[in-house]
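Architecture and fold: a report
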Amino acid sequence: MYARTTTLRGNPRAIDDAIDFVRDEWLPATTDLPGCTGLSMLVGRRTGRCIVTSGWADEQSMLGSAEGMRRDRARLGQLLGAVPVVAQWEVAVLHRVQPTGDDAVCRLIWSSRPNPGALDDDVATFRMALLPRIEELTGFCSANLMIDRVSGGTVLAVAYADREAMLAAGQRADALRMEYARSMGGRITEVADLDIAVAHLRIPETV
């Protein structure tokens, strides 16, 4: 399974218009493309940050969709007054225990590592040693680990039922984040908490 992310940092006052566009126009257009497994949108209402993620059954489908998504990506950039930054990922782990609701939030953890060749071992360690403990966090909904085999970059997205649950996870989640960085053999480059505005990503579970 594969995913493409489009990240923008734009005008916070345009967030609602951006959500309406992604939900009402981009999502229906994307799900008609061959191999598409849905689309999601994360937003930071104070920062104006948006991350739109599309899921794909295989790498060929993802690459073949590039031209078909260009117009919608440009339109979102116009709405937010921002330049889209595109990245492509392999979905290494996807695990859900409950669906996300209207109040759901997501914590994203980006990391980099010097040795991309060891990613498979790192992913196996994450799946066996860390994922069961992340699943025990208060309000846990899902975890999605995506990797870039060329750069060695990874991003882990952990979804919670609401912001209160994420805050309640507190120190336990922080300790697991540090252990995650060690187990992945790299360093954390960024952490962000975003609201889940559109949740129609239908990537099958890998656990």
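Summarised in this report is the structure supplied together with it.

Conventions and cut-offs
Residues numbered from 1 in each chain as written. Predicted model: local features only at pLDDT ≥ 70, side-chain atom pairs only at ≥ 80, totals over all residues. Heavy atoms only, no water. Core = buried A, V, L, I, M, F, W, Y, C linked by side-chain atoms within 4.5 Å. Buried < 20%, exposed > 50% of the residue type's maximum accessible area, 1.4 Å probe, protein only. Helix = DSSP H or I, 4+ residues; strand = E, 2+ residues; numbered from the N terminus. Contact = heavy atoms within 4.5 Å. Phe/Tyr/Trp six-rings, centres within 6.5 Å; stacked < 30°, edge-to-face > 60°. 1 Å grid on protein atoms, 1.4 Å probe; cavity = no way out; pocket = protein on both sides within 12 Å on 5 of 7 lines; lining within 4 Å. Points joined across faces, edges and corners; volume = space filled by probe spheres on them. Nonpolar A, V, L, I, M, F, W, Y, C, P; charged D, E, K, R; others polar. Salt bridge = Lys/Arg side-chain N within 4 Å of Asp/Glu carboxyl O. Pairing = 2+ DSSP bridges. Axes fitted to C-alpha atoms, helices over the stretch in contact; angles between N-to-C directions.

Our focus in this paragraph is the nonpolar core. Note that soluble globular proteins tend to have their nonpolar side chains buried in a common cluster. Core analysis: the largest hydrophobic core is formed by 23 residues, its most contacted members being F126, I134, L145, L156 and Y160. Of all elements in the fold, only β4 (85-96), β5 (105-112), α4 (119-134), β6 (140-147), β7 (154-160) and α5 (163-183) reach the threshold of two or more residues within this core. If you tally residues by element for this core, the top one is α4, at 6 residues. Not counting the four nearest positions on each side in its chain, L156 is found in contact with R107, L108, I109, F126, I134, A143, N144, L145 and Y180. A14, C36, L39 and M41 belong to the second-largest nonpolar core, a separate cluster that totals 22 residues.

So, about the packing of aromatic side chains. Here the structure, examined in full by the defined rule, presents 1 aromatic pair. An angle of 45° between the planes, with centres 6.4 Å apart, marks the rings of F21 and W26 as tilted.

Any empty space left between the atoms is revealed when a probe the size of a water molecule rolls over them. A volume near 650 Å³ is recorded for the largest pocket. What lines the largest pocket is a set of 32 residues, among which S40, L42, N144, A157 and L201 lie closest to the centre. Where the lining of the largest pocket is concerned, the elements lending two or more residues are β1 (2-9), β2 (36-44), β3 (49-56), β4, β5, β6, β7 and β8 (187-201). Of the residues forming the lining of the largest pocket, the biggest block, 6 residues, is contributed by β8. Among the residues making up the lining of the largest pocket, the classes are represented as 18 nonpolar, 10 polar and 4 charged.

Let us look at the pattern of salt bridges. Inspection of every chain in the model, using the stated rule, returns 13 salt bridges. With its nearest N and O atoms 3.3 Å apart, the salt bridge here joins R9 to E190. With R9 in strand β1 and E190 in strand β8, the pair connects residues that are 181 residues apart, well separated along the chain. The partner of R70 in a salt bridge is E67, with the nearest N and O atoms 3.0 Å apart. In this pair, R70 and E67 are both assigned in helix α3 (residues 66-80), 3 residues apart and thus about one turn of the helix distant. E67 sits in the exposed class, given a relative accessible area of 54%.

Here we come to the sheet that holds β3. Within the closed barrel, the 8 strands sit side by side as β1-β3-β2-β8-β5-β7-β6-β4. Their pairing is antiparallel. Neighbour-to-neighbour, the strand axes of the sheet open up by a mean angle of 30°, direction not taken into account. In this structure, β5 lies alongside β8, joined through 8 bridges in antiparallel fashion. Paired with R107 across the strands is D193, a residue of β8.

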